[in-house]
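Residues per chain are reported as follows:
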Amino acid sequence: MGDVLAGINSSWEFDTDSVLIRFERGIRTPKLFHVLGERRVPYEALRSVELAPGTRRGTVVLRAEPRPGADPLMEAAAGQLRETSDPYRLVLPAEHEPLAAARVSELSSVLGPRAQEPADRHLVAAPAAPLQFKAYDGKVSFDGRAVSFRWFWTGASSAKWKAGDQSFPVGELQGLRWRSPEVVGGHLRLVRRGEAEDRERPEADQDPAAVVFGLGYGLVHESLPLAASVLEAVRAAEPAPVPEAAAPVPRAADPVATVRPAPADIADRIRHLGELHGAGLLTDEEFSVKKAELLAEL
């Protein structure tokens, strides 16, 4: 493709197998975009792409939707991002609509049947560790190997002080739950491996595996990139699925080779039987039966 669509807050550069999204660092640009910088999104990570009129007069919006599980950032966000902070949304001047429509048509044609299926691995990179931010009740840091909670005496509950500072190696985690700080009850909660997701959990302010957000704490552009980085590391640490042992293909029984005795051998054996019969060692009946069996082998 090789075209570039320059829009408000970001530009999209289309390649043969991916799109490179570069985010601006302007005063009015969402701070999440400042942190992301740029992201390369393979086309195989996309579920759909569409073009629609913008909410602002004289604009159109190109919107891509990633496949579930393809982007750890969007997986962690779980639909809680504001529209203006959506990294897959490009607002363009209306005069760019013909070129944008052509890109949408081309992209739609390269999205295969698997585009509607959840991705079996992350296809878009998360922000790289180390990362950290301040929650209301503690400092959260992630070095790529473990998530650490260091409690603040001014905000942490007595339950967290009693439990002490926490460190969670990624190998012991199976996921996390990020609740946006822009809503009541915002928090980041880690889920340990083997825990039932529907089990009853204490409130986030009482759970040593969670930190609480608040006004000025756990901001989206700080907490969400860290959550995405942790998810990416957790997925990478998952043991590779052991393929089921293929059932052994039953081998057909080797045919038993039937070796027919040579006629000369049969004749010698009949001659021997005759000698035994003549010597009185075989009765007439026994001689006849044995002779018939030998003749049947010819």
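Refer to the structure presented above.
Since the model is a prediction, treat every value here as computed from it, not as a measurement.

Another point: the sheet that holds strand 6 (residues 59-66). If you walk across this open sheet you meet the three strands as 5-6-7, and the pairing is antiparallel. Edge positions in the open sheet fall to strand 5 (46-53) and strand 7 (89-93), since each of these has one partner strand only. Across the sheet, the mean angle from the axis of one strand to that of its neighbour is 15°, orientation sign disregarded. Sheet topology places strand 6 next to strand 7; five bridges connect them, and they run antiparallel. Bridged to R63 within strand 7 is R89. Here helix 3 (residues 97-110) sits on the sheet in contact with strand 5, strand 6 and strand 7, set at roughly 155° to strand 5.

On to the pairing of strand 10 (residues 146-151), then. In this structure, strand 9 (residues 138-142) lies alongside strand 10, joined through five bridges in antiparallel fashion. The residue of strand 10 that forms the bridge with K139 is R150. Between strand 9 and strand 10, which follow one another and run antiparallel, lie three residues, and G144 among them has a positive phi close to 100°. Of the pairings in the sheet, the one linking strand 10 to strand 11 (residues 166-169) comprises four bridges and is antiparallel in character. Pairing of F149 across the sheet is with Q166, part of strand 11.

Moving on, we come to helix 3. Compared with the 20 Å implied by 1.5 Å per residue over 14 residues, the 20 Å span of helix 3 between its first and last C-alpha is a close match. All of the buried residues in helix 3 are A100, R103, V104 and L107. The arc that holds the buried residues of helix 3, viewed along the axis, is 100°, so those residues lie on one side. Away from the buried face of helix 3 by more than 90 degrees, exposed residues P98 and S109 are located. In this fold, the buried residues of helix 3 make contact with strand 1 (4-6), strand 2 (10-14), strand 5, strand 6 and strand 7.

Conventions and cut-offs
- Residues numbered from 1 in each chain as written.
- Predicted model: local features only at pLDDT ≥ 70, side-chain atom pairs only at ≥ 80, totals over all residues.
- Heavy atoms only, no water.
- Pairing = 2+ DSSP bridges.
- Helix = DSSP H or I, 4+ residues; strand = E, 2+ residues; numbered from the N terminus.
- Axes fitted to C-alpha atoms, helices over the stretch in contact; angles between N-to-C directions.
- Contact = heavy atoms within 4.5 Å.
- Expected span 1.5 Å × (residues − 1).
- Buried < 20%, exposed > 50% of the residue type's maximum accessible area, 1.4 Å probe, protein only.
- Arc of directions from axis to C-beta.

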